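What follows is each chain in one-letter form.
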Amino acid sequence: MEPRTHDPTPTARHVVGHDQLLRLTGDDPYVRWGVTDPLPAPALVVPGAVALERVGRRRGFWVWPLDDAPDPAGSVRAALRALAGSGELDRPEIESLSIAQPYAAAAAGVVELAAGGDWDWMWTTTPPPVEPGEDSLVELSDTGDAEEIAAMTARHNPRAWAEPGTGRTELWLGLRDEHGALVAVGGMERLDTGVPHLAGILTATHLRGRGLGRLVSAALTRRALDLAPACTLGMYSDNGPARALYLRLGYRTAKAWSSRRLVRAAPAG
């Protein structure tokens, strides 16, 4: 790694208002629906790129180029250098970086990163049509059905992002077979912005390809849009069938992130 300096990049500046960041990013849907107002912390801006603190379960920073950046990769690298130089990445609570996927290589030589994942952040403001069979869906209890939802997740898709029984999910919808077994499920959480966010959507392995995920997702999306002007979700970037499903339901990708943990230097002595 190149040595890091604690002198901030001279061209870096701070944006403190949500409206200001929204204008700067050209009404970016991720900023509009996924970033709290007021901002969690001032956004660090260099020509052509933004770094914004990530709060919640995994503290860190989001880093992405602006649409009009003439050199997006160079701008992302400059933003990373500004973060490293400011000392922000040395704060003990900062655990990770999420960089716009096409420019993740810009971190090389600036910060050392470990394992992580690639995922898409999607949104919609348009309710999908009612799917045949939705009347078979049932509401599940986040507490009473938590063990069953967790067991299904562990068996059929351990990567599914869901936390049944914690109170984070305010609505679960599921489908049971003729024996009463849960064969499809999905939940709706709330982002810190208050916008609904789909999570934990999965179908039993032996029933995939029959449209059950679409059934659950469509119903959850319409329920969400009854509560707020937008609904969002996150999905692993390597899940092509899920992306195709969500695109058919009207979702669009706002950001494709490469999220990686920061590597900390071992304490001296």
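Residues numbered from 1 in each chain as written. Predicted model: local features only at pLDDT ≥ 70, side-chain atom pairs only at ≥ 80, totals over all residues. Heavy atoms only, no water.

A. Structural view of the nonpolar core. Core analysis: the largest hydrophobic core is formed by 36 residues, its most contacted members being V185, L198, L220, Y246 and Y251. Among the elements that take part in this core, helix α5 (residues 212-225) stands out by supplying 8 residues, more than any other. Setting aside its immediate chain neighbours within four residues, L220 contacts L171, L173, G186, G187, M188, L198 and I201. Core analysis: the next-biggest nonpolar cluster, separate from the first, contains 23 residues, V31, V35, A254 and W257 among them. (Core = buried A, V, L, I, M, F, W, Y, C linked by side-chain atoms within 4.5 Å. Buried < 20%, exposed > 50% of the residue type's maximum accessible area, 1.4 Å probe, protein only. Helix = DSSP H or I, 4+ residues; strand = E, 2+ residues; numbered from the N terminus. Contact = heavy atoms within 4.5 Å.)

B. Local environment of the packing of aromatic side chains. Tallying each qualifying case throughout the model produces 8 aromatic pairs. Note on Y30 and W257: the rings are 5.7 Å apart at their centroids and 70° apart in plane angle, and the pair reads as edge-to-face. Within this pair, whereas Y30 is found in helix α2 (residues 29-34), its partner W257 is found in strand β12 (residues 252-262), the two being separated by 227 residues in sequence. Per residue, the accessibility class of Y30 equals that of W257, and both read buried. A network of ring pairs unites the aromatic residues Y30, W62, W64, W119, W121 and W257 as a single cluster. The ring of W33 carries R32 above its face, with NZ or CZ at 5.9 Å from the centroid. R159 extends its terminal NZ or CZ atom over the ring of Y236, reaching a point 4.1 Å from the ring centre. (Phe/Tyr/Trp six-rings, centres within 6.5 Å; stacked < 30°, edge-to-face > 60°. Lys NZ or Arg CZ within 6 Å of the ring centre and 35° of its normal.)

C. Focus on the pattern of salt bridges. Enumeration according to the criterion identifies 17 salt bridges in this entry. With a closest N to O distance of 2.8 Å, E131 and R214 form a salt bridge. Separated by 83 residues along the polypeptide, E131 in the loop between β6 (113-124) and β7 (138-140) and R214 in helix α5 bring together distant segments of the chain. Among the residues examined, E131 registers a relative accessible area of 14% and is labelled buried. (Salt bridge = Lys/Arg side-chain N within 4 Å of Asp/Glu carboxyl O.)

D. Just the pairing of strand β4 (residues 60-65), in detail. Counting buried residues in β4 gives 6 out of 6 residues, a clear majority hidden from the surface. Relative to β4, strand β3 (residues 49-54) runs antiparallel, the two sharing 6 bridges. By the bridge assignment, E53 is partnered in β4 with F61. Following β3, the chain reverses through 5 residues before pairing antiparallel with β4; G56 in that reversal takes a positive phi of roughly 105°. (Pairing = 2+ DSSP bridges.)

E. Region of interest: the side chain of R222. The topology assignment puts R222 in helix α5. For R222, the side chain forms a polar contact with the main-chain oxygen of P129, separated by 3.4 Å. Look past the residues within four positions of R222 in its chain and what remains in contact with it is P127, P128, P129, V130 and E134. (Polar contact = N/O pair within 3.5 Å; in protein donor to acceptor, adjacent residues only side chain to side chain.)

F. Layout of the sheet that holds strand β2 (residues 43-46). Across the sheet, which stays open at both edges, the 12 strands sit in the order β1-β2-β3-β4-β5-β12-β6-β11-β10-β9-β8-β7 with mixed pairing between neighbours. Strands with a single pairing partner mark the edges of an open sheet, and in this sheet they are β1 (13-15) and β7. Shown here is a sheet whose adjacent strand axes are inclined to one another by a mean of 30°, direction ignored. Pairing of strand β8 (residues 171-176) with strand β9 (residues 182-190) involves 6 bridges; the strand directions are antiparallel. (Axes fitted to C-alpha atoms, helices over the stretch in contact; angles between N-to-C directions.)

No statement about biological role is implied by the geometric values presented.
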